[in-house]
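Fold and geometry: a report
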Amino acid sequence: MLDATMKQQLKSYLENLKSQVDLTVSVDDSDASQNIYKLAQDIASLNPLVSVSESNNSSQRIPSMKVSSVNDTNINFAGLPMGHEFTSLVLALLHSGGHPMKVEDDTKQQIAALAGPLNFEIYISLSCQNCPEVVQALNMMAAINPNITTTMIDGALFQEEVTQRNIMAVPSVYLNGELFAQGRISLKEILKKLDSGSAQKESQALNEKPAFDVLVVGGGPAGASAAIYAARKGIRTGIVADRFGGQVLDTMAIENFISVKATQGPKLVASLEEHVREYEVDIMDGQLAQNIMSSDQGADGYISLQLDNGATLKSRSVLLATGARWREMNVPGEQEYRNKGVAYCPHCDGPLFKGKPVAVIGGGNSGIEAAIDLAGIVESVTVLEFADTLRADQVLIDKANSLNNIHIITMAQTTKVIGDGERVTALEYKDRNSGDTKQITLAGIFVQIGLVPNTEWLKGSGVELSGRGEIEVGVKGETSMAGVFAAGDVTTVPFKQIIIAMGEGAKASLGAFDYLIRTPVKA
Ligand SMILES: Cc1cc2nc3c(=O)[nH]c(=O)nc-3n(C[C@H](O)[C@H](O)[C@H](O)COP(=O)(O)OP(=O)(O)OC[C@H]3O[C@@H](n4cnc5c(N)ncnc54)[C@H](O)[C@@H]3O)c2cc1C
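Keep in mind it's a predicted model, so treat the numbers as computed, not measured.

The rules behind the values
- Residues numbered from 1 in each chain as written.
- Predicted model: local features only at pLDDT ≥ 70, side-chain atom pairs only at ≥ 80, totals over all residues.
- Heavy atoms only, no water.
- Phe/Tyr/Trp six-rings, centres within 6.5 Å; stacked < 30°, edge-to-face > 60°.
- Helix = DSSP H or I, 4+ residues; strand = E, 2+ residues; numbered from the N terminus.
- Lys NZ or Arg CZ within 6 Å of the ring centre and 35° of its normal.
- Near = heavy atom within 4 Å.
- Polar contact = N/O pair within 3.5 Å; in protein donor to acceptor, adjacent residues only side chain to side chain.
- Areas by Shrake-Rupley, 256 points an atom, 1.4 Å probe, with all protein chains shown as cover.
- Buried < 20%, exposed > 50% of the residue type's maximum accessible area, 1.4 Å probe, protein only.
- Contact = heavy atoms within 4.5 Å.
- Pairing = 2+ DSSP bridges.
- Axes fitted to C-alpha atoms, helices over the stretch in contact; angles between N-to-C directions.
- 1 Å grid on protein atoms, 1.4 Å probe; cavity = no way out; pocket = protein on both sides within 12 Å on 5 of 7 lines; lining within 4 Å.
- Points joined across faces, edges and corners; volume = space filled by probe spheres on them.
- Nonpolar A, V, L, I, M, F, W, Y, C, P; charged D, E, K, R; others polar.

This structure, assessed with the given rule, holds four aromatic pairs. Seen in terms of ring centroids, Y123 and Y174 are 5.8 Å apart; in terms of plane orientation they differ by 80 degrees. Their pairing is edge-to-face. Of this pair, Y123 sits in strand β5 (residues 118-124) while Y174 sits in strand β7 (residues 172-175), placing them 51 residues apart in sequence. The positively charged end of R236 is found above the aromatic ring belonging to F212, 4.1 Å away from the centroid.

Moving on, we get to the site of the ligand. Taken together, 34 residues form the shell around the ligand, and within it R243, Q247, N256, A289 and I498 come nearest. Within the contact set of the ligand, an oxygen atom lies 3.2 Å away from a backbone nitrogen or oxygen of P221. Within the side chain of N256, one N or O atom sits 2.8 Å away from a nitrogen atom of the ligand. Taking 1,000 Å² as the accessible area of the ligand by itself, protein coverage stands at 88%. Mapped onto the shell around the ligand, the elements with two or more residues apiece are α9 (221-231), β10 (237-241), β11 (253-254), β17 (324-326) and α14 (498-517).

What follows deals with helix α12 (residues 365-375). When α12 is considered as a whole, its buried residues turn out to be G367, I368, A370, A371, I372, L374 and A375. Lining the buried residues of α12 we find α11 (346-349), β19 (357-361), β20 (380-384), α13 (394-402), β21 (406-409) and β25 (444-447).

One open sheet accounts for three strands, arranged β22-β23-β24; its pairing is antiparallel. Bordering the open sheet on either side are β22 (412-419) and β24 (437-441), each of which pairs with just one other strand. In this sheet, adjacent strand axes meet at a mean angle of 25 degrees when their direction is disregarded. Sheet analysis places β22 next to strand β23 (residues 424-431), joined by seven bridges and oriented antiparallel.

This brings us to the layout of surface pockets. The volume enclosed by the second largest pocket comes to roughly 220 Å³. Around the second largest pocket sit 13 residues that line it, and I228, F257, L272, H275 and M502 are the ones nearest its centre. For the lining of the second largest pocket, the elements supplying multiple residues, two or more each, are α9 and α10 (265-277). For the lining of the second largest pocket, the leading source of residues is α10, giving five residues. Here the residues of the lining of the second largest pocket sort into eight nonpolar, four polar and one charged.

What follows is the structure, encoded as structure tokens:
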């Protein structure tokens, strides 16, 4: 099952095991079962602390593999945890076998105190990049607290369950049989949902933090780069981020990050985080900024940043790097059928539409890339483009034209998402040539019409925005508010790219440092 290189790598990881780990497989004679059985045997052959047995428990999904330990860990994989989920399996083995996990002590205590039973079922697709983070967070919880059971379920293999539960977006997390979360959710957010008192405790702890010299808002490439540049000056630096990594987490292949020929988004984010953690940067992940007040209005002459949990952070300078997010169609039915057929991430949700007809809205690079990607999985892809020509690079258009299950319609304005109350069944659009309204019967709609800057929370704050909602910046990244700088996709700087965001983050950080050394320290 595992090739020689993977075995060699896994063997060295498994040397970190401190206690016995048991793999219990539930299999029949299907190919998928035999692959799981072989995988379990391969793993056990690499370290004497790992054993394999066969289960005769009829309530277990087939095929599946349970990872258990001396601490009563109960982590299950229904389906083959390869692709993006292989790391989840490796971490489950290590954490079950006593290898320390990268979780702060107070978070561990919070997890250990959770009362059970908490039975999590996580529906994933093996090509989903957002899924492993959720699987790994829940598996860590299961490795800490024996009241917690987790099961990763490959939606492509357990299609009947997926249909029964009407799952059309991954990851979808069920807790004790009820829908708990859909989409990426961090360990902190999971704990907030399970333990209502935790948000209040967290807000108190944030309020008590001393003022920062540079407070970066946003943990994408621009924010990470800005924080590193600031911390290297030896000044007190913090990052507040809703989701550390930003858009890069949703990116499959990156081939234009100069000096790295090819990489994947989550891999680049892991390196970014490792680099930031090399320095004394206070990373406050899972926190949403809601308002900013200038040093004239804010507490004690500092710039104040208010968070959605009620906490207020203070800083001598603030660097805004809140990036951008997918643009929505804003048509009737879009919100009602979000995650019920309306999707924004083809890599994540594409496999759930296997063999079905879908549409891609938008004929730019991301739309045509999505269509090409989906064409290999789904029955057919109809691309709807508002303009009279596609805006994608010619090389992508040529590729799309060469695939016989991609149909392109230009001059098409999407007007409505139609469904049966449970799921999307069709899409309505206006033919802009004839003015006629037309319908396409389909199961999924992938929206790829660009990005909007994350600046709604800044409206009326005094930070000047352009007509498109982007933050207006000067040559050093300075904004219209004294001591507030900005960088990356959220600004008016053209060309939204990782390397540009990083460069701009570094520049704005140096701009902030320049401002600080010329501004007297508050008494
Ligand atoms: C699918 C996809 C593929 C791409 N492929 C490539 C590629 O191959 N090469 C390339 O160079 N670029 C690519 N890009 C573009 C690239 O990802 C962006 O240009 C880059 O991530 C911008 O970085 P940023 O730090 O400005 O913003 P983002 O990456 O958007 O990060 C914004 C950060 O701010 C946080 N945030 C937002 N609002 C708040 C708030 N109110 N409070 C606290 N935190 C907040 C977010 O959680 C996040 O941490 C791609 C983008 C997408 C979506």
